[in-house]
Amino acid sequence: MQGCAHQAVDRPAPSVVAVEVKDTPPVDLLTCPVAPAGFPKDAQAEIPPAVRAVIIDIAKALASTRDQLVRLVRWHSPGACEDAG
Amino acid sequence: MTKLIAIAKTAWGLLTGSRETVLLIAIAGAAAALYAWGATARKDRDQLQAWAEKACLSAGAQFPGAGKKVDACAQRIVDLAAYERQTQAAANTILAGTAQRQATKSATDTALAETQAARRTHAAAQMEKADAQIAPNNRVGPDWFDSVNRVAGLRAPGR
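Our subject in this report is the structure included herewith.

Parameters at a glance
- Residues numbered from 1 in each chain as written.
- Chains lettered and ligands numbered in written order.
- Predicted model: local features only at pLDDT ≥ 70, side-chain atom pairs only at ≥ 80, totals over all residues.
- Helix = DSSP H or I, 4+ residues; strand = E, 2+ residues; numbered from the N terminus.
- Buried ≥ 20, exposed ≤ 12 C-beta atoms within 10 Å, placed from the backbone.
- Expected span 1.5 Å × (residues − 1).
- Contact = placed C-beta atoms within 7 Å.
- Nonpolar A, V, L, I, M, F, W, Y, C, P; charged D, E, K, R; others polar.
- Pairing = 2+ DSSP bridges.
- Core = buried A, V, L, I, M, F, W, Y, C linked by C-beta atoms within 7 Å.
- Axes fitted to C-alpha atoms, helices over the stretch in contact; angles between N-to-C directions.
- Parallel < 35°, antiparallel > 145°, perpendicular 65-115°, else oblique.
- Left-handed = near helix turned anticlockwise from the far one by under 90°.

1. Regarding the overall build of chain B
Helix and strand counts for chain B stand at four helices and one strand. Starting at the N terminus and walking to the C terminus, you meet the elements of chain B as α-α-α-β-α. Scored against the burial criterion, the 159 residues of chain B give a buried share of 13%.

2. Observations concerning the overall build of chain A
When its secondary structure is counted, chain A shows two helices and one strand. Starting at the N terminus and walking to the C terminus, you meet the elements of chain A as α-β-α. Counting every position in chain A, which comprises 85 residues, the buried fraction comes to 11%.

3. Points about helix 1 (residues 2–14) of chain B
Spanning 13 residues, helix 1 of chain B covers 18 Å between terminal C-alpha atoms, matching the ideal 18 Å at 1.5 Å per step. Counting buried positions over the 13 residues of helix 1 of chain B gives zero, only a small fraction of the element.

4. A word on the interface of chain B and chain A
With 41 residues of chain B at the interface, the matching set in chain A holds 40 residues. For the side of chain B that touches chain A, the elements supplying multiple residues, two or more each, are helix 3 (72–132), strand 1 (139–140) and helix 4 (142–152) of chain B. Among the elements that make up the side of chain B that touches chain A, the one with the highest residue count is helix 3 of chain B (20 residues). A breakdown of the residues in the side of chain B that touches chain A according to their chemical character gives 20 nonpolar, 12 polar and nine charged. Here two bridges tie strand 1 (residues 45–46) of chain A to strand 1 of chain B, and the two strands are oriented antiparallel to one another. Directly across from glutamate 46 of chain A, in strand 1 of chain B, lies its bridge partner arginine 139 of chain B.

5. Considerations on the nonpolar core
Among the nonpolar cores identified, the biggest contains 12 residues, and these are Ile56, Ala59 and Ala63 of chain A together with Ala123, Met127, Ala130, Val140, Trp144, Phe145, Val148, Val151 and Ala152 of chain B. Broken down by secondary-structure element, the contributors of at least two residues to this core are helix 2 (49–76) of chain A together with helix 3 and helix 4 of chain B. Aside from chain neighbours lying at most four places away, what touches alanine 123 of chain B is Arg150 and Val151 of chain B. Core analysis: the next-biggest nonpolar cluster, separate from the first, contains five residues, Cys56, Ala59, Phe63 and Cys73 of chain B among them.

6. Here's the deal with unusual backbone geometry
Despite not being glycine, cysteine 81 of chain A has its phi angle at roughly 55°, a positive value. Along the chain, cysteine 81 of chain A falls in the segment after helix 2. Not every positive phi belongs to a glycine, and asparagine 138 of chain B is a case in point at roughly 65°. For asparagine 138 of chain B, the location among the structural elements is in the loop between helix 3 and strand 1. Take asparagine 138 of chain B: there are 13 C-beta atoms within 10 Å of it, and that puts it in the partly exposed class.

7. Regarding the packing of helix 3 of chain B against helix 4 of chain B
All names here are of chain B. Relative orientation of the contacting elements helix 3 and helix 4 amounts to 160°, with a least axis distance of 9 Å. In terms of their interaxial angle, helix 3 and helix 4 are classed as roughly antiparallel. For helix 3 against helix 4, the interelement crossing comes out left-handed. Listed contacts from helix 4 to Ala123, Ala124, Gln126, Met127, Ala130 and Asp131 of helix 3 are Asp143, Trp144, Ser147, Val148, Arg150 and Val151. Of the residues that constitute the contact of helix 3 with helix 4, the class distribution is seven nonpolar, two polar and three charged.

8. A closer look at helix 3 of chain B
The terminal C-alpha atoms of helix 3 of chain B, which comprises 61 residues, lie 87 Å apart, in line with the 90 Å expected from a rise of 1.5 Å per residue. Here helix 3 of chain B lies mainly on the outside; five of its 61 residues are buried. Listed as buried for helix 3 of chain B are Cys73, Arg76, Ala123, Met127 and Ala130 of chain B. Where helix 3 of chain B is buried, its residues meet helix 2 of chain A together with helix 2 (19–59) and helix 4 of chain B.

All quantities given are derived from atomic positions and should not be read as evidence of function.
Here you go:
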């Protein structure tokens, strides 16, 4: 190493490099979730309890996952998905 | 002091015949002392020079020798020290900003999570109520579907 350094010539002063690393995910990962349209207002049906329970569970899971996604998007883009929040 | 001089004068007087010898010994002693002093100085200088060369090589410059007006090595060391200082300061500023933003984000997210959880709990309670009102014939109507829409966070129908 020092043998190489013998050839050292005048160098310009090193410029300051301190970069903030932005860890932003791809844009499509930050897309706000779009809620699908709900059941019609005048809907009628005959649904046994076991099936109703599954429908309710799916609805809860959808809401929970959506909320979580909105949190994640807002973590990266504060204030985003205002209408989805 | 005067006594000492007197004693020296007396001794000098007694040294008839061997004065030259004494003078020679004194001169030889002085020369040896001067030589030793010079050797030490040379050794110190050599060590300093070796240190300076090493320091300059480490900094990526060449030691031009002592006393040069245009000293690329000294300039290089000054540049490096400034670089270190300024880079550290810039990095600290960035880190402080990041920490601040992180804290804000965290607080905002906690508030949002609480709001969402409260809304989900409220919708779930309403859903439970609506489901409990279903007759044994299992006919479900608009109230029940409306509750499902709300639990799932679906858009209002018919838009």
